[in-house]
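Chain by chain, the residues:
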Amino acid sequence: MKKFEYDDTVAGGDCAYRAYGKTLEELFANAGLAAMQCMVELDTVDVRQDREIELSADSKIDLLYEWLEEIVFLKDAEELFFKEFKIEFDDENKRLKAKARGEKINLEKHRINVDVKAVTMYRFKLEKTENGWEAFIVLDL
Amino acid sequence: MQSHKISNGVWQIEPDQKEGMRVPARIYASDKLINSMEKGVYEQITNVACMPGIVSHAMVMPDGHWGYGFPIGGVAAFSTSDGVISPGGIGFDINCGIRMLRTNLTLEEIKPKLKELVNMLFKVIPAGVGGKGLVKLDKKRLKDVMRGGVKWCLENGYATEADYDSIEENGHLKWADPSKISDRAIQRGINQLGTLGSGNHFLEIGVIREDNVYNKELAPKFGIDRPNQIVLTIHCGSRGFGHQVATDYLKVFAKAMQKYGLKVRDKELACAPFDSPEGQDYFKAMACAANNAFANRQVIAHRVRQAFKQVFNKSQHELGISTVYDVAHNIAKREKYTLNGKEIEVLVHRKGATRSFGPQREDLPSRYRGIGQPVIVGGSMQTGSYLLVGSKFADEETFGSTLHGSGRTMSRRQAKKSVRGNELKKQMMDAGIYVQAASMPGLAEEAGIAYKNIDDVIQAVDDLGISKKVAKLLPIGNIKG
């Protein structure tokens with residue numbers, strides 16, 4: 001199963017993509033990786049430190065938004081790039097605990113793509129499919 | 001959806017074209033540009049025309065293209081008593097804007113040192129993702145920046161009195177209130193004062209050739225006073241700080257919409273009554289982010305002066321690097337206009353649009369009050385930028401607004417497929433433009449082919465008369481985020 005694919009056809013879509021996962025955990029991890037890949041070539045990022053993330057929201061889709069927003073936030077606030085995510089949910093899928101693994105941003109080492117300003121609500125979608133879960137996300141660059 | 005030409009360069013979409021439109025929508029474009037205007041722009045500007053309290057008409061400038069909620073190049077004025085404020089009408093990058101600096105240097109003087117200069121600027125001005133800022137701040141000092149903007153810079157040795165006098169609102173929106181800012185925004189922005197950022201942001205070195213001076217009487221008043229003069233433009237915004245303010249308030253506004261029973265046609269158009277606690281909180285937070293962005297461009301300008309001094313071994317007096325003007329092109333402002341013989345106050349949202357005040361507006365610095373406001377328009381990095389002047393006609397037709405740039409025609413990913421960063425860098429080198437970029441894919445996304453022709457969009461506003469051409473600068477050096 002593909003982890004994610006970018007969509008070039010979205011009008012003005014700075015960075016639009018579909019993320020997939022057999023489970024919700026996998027979907028969240030893959031959506032996070034796609035957001036990271038917008039900013040940096042993932043193969044130039046090493047795993048040197050872990051960052052625990054805990055979030056909660058009123059619904060699964062809100063939690064997905066919060067999750068992606070947190071990754072964008074940590075890129076600026078703690079200057080972190082991640083390349084691996086391990087995610088656990090509570091029983092109702094309204095709280096998540098994640099272990100994000102990566103390293104501090106190093107402009108000499110990392111092959112930078114483009115900065116992500118924000119996660120937009122434009123066509124933002126999370127749905128259950130035959131094969132698991134699928135999300136559609138547009139980031140503002 | 002149908003638009004019809006109501007006069008040269010003005011296309012109107014009547015309110016019967018979409019249910020809920022309160023006013024018509026107008027697209028300002030030449031015959032050529034209207035044909036290539038994206039369909040999404042029609043959809044988006046007519047959505048804006050449905051919003052509560054919108055006055056007169058919703059507008060799109062000739063550089064218009066699809067955005068989130070509002071189109072880029074979108075302008076809308078809302079009544080301050082019964083209208084709304086919408087973060088989507090301002091954009092995630094609050095007070096993204098452009099500053100122009102003039103110098104005493106000429107092309108001949110700069111040529112032998114151009115590479116050294118660009119390399120030096122690339123080294124000393126942080127660009128790209130992350131990038132630690134030029135000024136170290138703690139939480140308290142960041143709040144001082146939010147309150148003071150360029151006034152803070154002036155008090156802390158990063159600005160001159162002349163800079164302060166040459167910026168929209170003096171780079172100091174007085175209604176900023178840091179108590180309306182989240183800790184998250186502070187954490188995101190605390191390290192970033194004096195960083196260029198990424199995407200379409202740049203620091204450009206350009207030359208103004210004699211035949212590119214269109215208004216020979218006005219140009220010297222804007223500091224353009226010698227042949228082949230070197231001029232710089234700085235295009236950037238409020239960085240992670242402003243992005244977080246916008247993100248925070250989109251959430252606040254989603255809830256406020258329910259509270260006030262407001263409905264909009266697109267989630268990105270979330271809004272709240274201007275005269276409501278949520279609306280006022282955002283307006284004060286937006287001012288904090290705007291001040292931060294003005295200060296950001298100021299600190300970069302300060303560092304530019306230091307770099308020039310070092311490379312040319314000349315004094316600031318000899319180099320004569322001074323601010324022509326600094327404009328915000330993602331912002332909302334309270335302004336007064338006369339409509340049907342009556343004076344009204346409106347909140348003008350400009351998203352990818354520039355204020356373009358004509359002569360005699362009180363808000364202009366005294367040296368420009370007699371002639372009108374300088375308008376700075378950034379083109380693609382391959383085609384250069386323009387210096388224009390605002391007009392009385394803009395005050396009457398577009399709530400004192402004009403375009404902000406070229407306008408994208410190609411998505412970033414499409415552009416990246418069309419040309420590789422390294423090839424583009426070489427092409428630009430061959431064309432006499434030396435560029436340094438934090439990201440090669442990022443460079444490719446900003447290729448000239450991804451944009452409308454800057455000369456076409458500028459001619460459209462000049463013909464229309466909402467701003468008039470003064471001079472064009474051709475790029476010779478560029479630092480890309």
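Check the entry above for the structure.
Notes on the structure in this doc start here. (Residues numbered from 1 in each chain as written. Chains lettered and ligands numbered in written order. Predicted model: local features only at pLDDT ≥ 70, side-chain atom pairs only at ≥ 80, totals over all residues. Heavy atoms only, no water.)

This part takes up the pairing of strand E1 (residues 4–7) of chain B. Residues and elements named next belong to chain B. Relative to strand E2 (residues 10–13), E1 is paired through three bridges, and the arrangement is antiparallel. Directly across from Ser-7, in E2, lies its bridge partner Val-10. Hairpin connection of E1 to E2: two residues between the antiparallel strands, including Gly-9 at a positive phi of 85°. (Pairing = 2+ DSSP bridges. Helix = DSSP H or I, 4+ residues; strand = E, 2+ residues; numbered from the N terminus.)

Our focus in this paragraph is the packing of aromatic side chains. Enumeration according to the criterion identifies 20 aromatic pairs over all chains in this entry. On the numbers, 5.2 Å between centres and 80° between planes, the contact of Trp-66 of chain B with Tyr-68 of chain B is edge-to-face. Accessibility classification places Trp-66 of chain B together with Tyr-68 of chain B in one group, the buried group. An angle of 85° between the planes, with centres 6.4 Å apart, marks the rings of Tyr-249 of chain B and Phe-253 of chain B as edge-to-face. Taken as a pair, Tyr-249 of chain B and Phe-253 of chain B lie in helix H9 (residues 239–259) at a separation of four residues, close to a single helical turn. Judged by its relative accessible area of 9%, Tyr-249 of chain B is buried. Through successive ring pairs, a cluster of aromatic residues spans Phe-4, Tyr-6 and Tyr-17 of chain A. Directly above the aromatic system of Tyr-214 of chain B lies the positively charged group of Lys-469 of chain B, at a separation of 4.4 Å from the ring centroid. (Phe/Tyr/Trp six-rings, centres within 6.5 Å; stacked < 30°, edge-to-face > 60°. Buried < 20%, exposed > 50% of the residue type's maximum accessible area, 1.4 Å probe, protein only. Lys NZ or Arg CZ within 6 Å of the ring centre and 35° of its normal.)

To continue, consider the side chain of Arg-26 of chain B. Note that Arg-26 of chain B resides in strand E3 (residues 25–28). Look past the residues within four positions of Arg-26 of chain B in its chain and what remains in contact with it is Ile-6, Val-10, Trp-11, Gln-12, His-57, Ala-58, Met-59, Val-60 and Glu-397 of chain B. (Contact = heavy atoms within 4.5 Å.)

We now examine unusual backbone geometry. Residues and elements named next belong to chain B. For Glu-169, which is not glycine, the phi torsion reads 55° and is therefore positive. Here Glu-169 lies in the loop between helix H7 (161–164) and helix H8 (183–189). Residue classification places Glu-169 among the partly exposed residues on the basis of a relative accessible area of 21%. Positioned with a positive phi, Asn-170 is a non-glycine residue whose angle comes to about 60°. The topology assignment puts Asn-170 in the loop between H7 and H8. With relative accessibility at 24%, the residue Asn-170 sits in the partly exposed group.

Summed over the entire model, instances satisfying the criterion amount to 51 salt bridges over all chains. Where Glu-5 of chain A meets Lys-2 of chain A, a salt bridge forms, and the shortest distance between an N and an O atom there is 3.0 Å. For Glu-5 of chain A, a relative accessible area of 29% puts it in the partly exposed group. Judged by its relative accessible area of 51%, Lys-2 of chain A is exposed. As a salt-bridge pair, Lys-468 of chain B and Asp-462 of chain B come within 3.4 Å of each other at their nearest N and O atoms. Exposure remark for Lys-468 of chain B: the relative accessible area of 37% places this residue in the partly exposed category. Residues joined by salt bridges that share partners form a network here, namely Glu-66, Glu-69 and Glu-70 of chain A together with Arg-184 and Lys-251 of chain B. (Salt bridge = Lys/Arg side-chain N within 4 Å of Asp/Glu carboxyl O.)

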